[in-house]
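Report on the structure
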Amino acid sequence: AITMAARRGKLIVFEGCDRSGKSTQCAMLTDRLRKDGHKVEQLKFPDRTTSIGIMINNYLANKEDQSDEVIHLLFSANRWEQMQKMSKLLLGGTHLVIDRYAYSGIAYSAAKGMDLHWCRQPDVGLIKPDRVIYMTLTGDKASERADFGGERYEKKEFQAKVEKVFEQLHDPTYWQVVNGDGSINEVHEDVFKIVSEVISTDCGPLNKLWT
Ligand code: 2DT
Ligand code: MG
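Residues numbered from 1 in each chain as written. Chains lettered and ligands numbered in written order. Predicted model: local features only at pLDDT ≥ 70, side-chain atom pairs only at ≥ 80, totals over all residues.

Labelled according to an unreviewed UniProt entry, the protein chain appears under the name Thymidylate kinase, originating from Elysia chlorotica. Recorded under Pathway (unreviewed entry), the UniProt text for the protein chain is reproduced unchanged: "Pyrimidine metabolism; dTTP biosynthesis." (UniProt positions renumbered as here; feature names shortened; annotations may be inferred.)

For the rest of this paragraph, the subject is the overall build of the protein chain. Looking only at helices and strands, one finds nine helices and five strands in the protein chain. In sequence order, the secondary structure elements of the protein chain are arranged as β-α-β-α-α-α-β-α-α-β-α-α-β-α. The globule rule puts the C-alpha radius of gyration for 211 residues at 17 Å, and the 17 Å found for the protein chain is close to it. Scored against the burial criterion, the 211 residues of the protein chain give a buried share of 34%. Summarising the internal contacts of the protein chain: among those between residues at least 6 apart in sequence, 82% fall at separations of at least 24. (Helix = DSSP H or I, 4+ residues; strand = E, 2+ residues; numbered from the N terminus. Rg over C-alpha atoms; globule rule 2.2 N^0.38 Å. Buried ≥ 20, exposed ≤ 12 C-beta atoms within 10 Å, placed from the backbone. Contact = placed C-beta atoms within 7 Å.)

Turning our eyes to something else, we now look at the UniProt feature "domain: Thymidylate kinase-like" (unreviewed entry) in the protein chain. Taking the UniProt record as the reference, the feature "domain: Thymidylate kinase-like" (unreviewed entry) is found at residues 14–191. As annotated, residues 14–191 comprises 48% helix and 13% strand, and the C-alpha atoms at either end are separated by 10 Å.

Note that the residue after Phe45, namely Pro46, is joined by a cis bond; omega there is -5 degrees. Relative to the helices and strands, Pro46 resides in the loop between strand 2 (40–44) and helix 2 (51–60). Even without being glycine, Arg19 reaches a positive phi, approximately 70 degrees. By the element assignment, Arg19 lies in the loop between strand 1 (11–16) and helix 1 (22–35). Given 20 C-beta atoms within 10 Å, Arg19 falls into the buried group. We note that Arg100 has phi near 75 degrees; this positive angle belongs to a residue other than glycine.

So, on to the packing of helix 2 against helix 3 (residues 68–80). Relative placement of two packed helices is described by the angle separating their axes and the distance separating the axes. Two numbers describe how helix 2 lies on helix 3: the axes approach to 9 Å, and their chain directions differ by 140 degrees. If you check the angle between helix 2 and helix 3, you find them oblique. In the packing of helix 2 onto helix 3, the handedness of the crossing is left-handed. Along the contact surface, helix 2 presents Ile52, Gly53, Met55, Ile56 and Tyr59, while helix 3 presents Ile71, Leu74, Phe75, Ala77 and Asn78. (Axes fitted to C-alpha atoms, helices over the stretch in contact; angles between N-to-C directions. Parallel < 35°, antiparallel > 145°, perpendicular 65-115°, else oblique. Left-handed = near helix turned anticlockwise from the far one by under 90°.)

Looking now at the sheet that holds strand 3 (residues 95–99). In space, the five strands of this open sheet follow the order 2-3-1-4-5, with parallel pairing throughout. Either end of the sheet is taken by a strand with one partner, and the two such strands are strand 2 and strand 5 (175–179). For this sheet the average axis-to-axis angle between neighbouring strands, irrespective of direction, equals 20 degrees. Bridge count for strand 2 against strand 3 is five bridges, and the pairing is parallel. Residue pairing in the sheet places Gln42 in a bridge with Val97 of strand 3. (Pairing = 2+ DSSP bridges.)

We now examine the site of ligand 1. By nearness alone, every residue bordering ligand 1 is listed as Phe45, Pro46, Leu60, Phe75, Arg100, Ser104, Gly105, Tyr108 and Tyr153. Sorting elements by how many residues they give to the shell around ligand 1 places helix 5 (residues 102–110) first, with three residues. In terms of residue class, the shell around ligand 1 is made up of six nonpolar, two polar and one charged. (Near = placed C-beta within 6 Å. Nonpolar A, V, L, I, M, F, W, Y, C, P; charged D, E, K, R; others polar.)

This part takes up the nonpolar core. Ile12, Leu96, Ile98, Ala107 and Ile133 are the most contacted members of the largest nonpolar core, which totals 39 residues. Among the elements that make up this core, the one with the highest residue count is helix 5 (six residues). Residues in contact with Ala107, not counting those within four places in the same chain, are Val162, Val165, Phe166 and Leu169. (Core = buried A, V, L, I, M, F, W, Y, C linked by C-beta atoms within 7 Å.)

This part covers the environment of Arg131. You can see Arg131 is positioned in strand 4 (residues 131–136). Spatially, the C-alpha atoms of Arg131 and Gln168 are 17 Å apart, while their sequence positions differ by 37 residues. Once residues within four sequence positions are removed from consideration, Arg131 is found in contact with Ile12, Tyr174, Gln176, Ile194 and Val198.

For strand 3, a buried count of five out of five residues is recorded, marking the element as mostly surrounded by other parts of the structure. Every second residue of strand 3 is oriented toward a common face, with His95, Val97 and Asp99 on one face and Leu96 and Ile98 on the other, all of them buried. Taken together, the four bridges between strand 1 and strand 3 define a ladder with parallel strand orientation. Paired with Phe14 across the bridge in strand 3 is Asp99.

Structure representation (structure tokens):
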């Protein structure tokens, strides 16, 4: 029998539009798992702390321009630069809870009108998540929440386009939709139920995305 210690960590990714509650839920989930005695780390993409991440931050803050292709590739490179560390942690039994991943990469670029197939290629071969939790909000809930900041992409019309691409990317074999309309605690309980099941399942070796 596989012991808990021999079992690899699980890769849990949160996706969704801005203000859907991803960051809050990532933090609550990480805390809960840690309190329950699991080894767990929280990551987010873009990771703005690396050299590539600083370029991305400048782009998002409208301090620097990049062509659509270049910024797309930088977002992807910003994931690739974490793969070694992520693989080591997962194989060592640490669960990873990640705020955004390749799906945001595709959704935000394709929402600008870029070719979806082209956008997918740079992320082919990344570690495949064991579960994607796709957070949605009903109707105008997002605009009732705190105002958008002034970053690029933080516009209602653009977010609607992003949502359309996320719906195209939705893969029911490993995605689960969580409606974020409820209270933070209600949503957390929905998330926790999904993740508890993933954690107690043997998902086999690490898989590669879209290969
Ligand atoms: P945060 O608000 O979550 O920091 O994201 N984005 C993100 C992309 O365009 N491509 C990507 O690959 C990723 C991970 C989504 C900042 C913005 O960056 C967008 C919102
Ligand atoms: Mg943001």
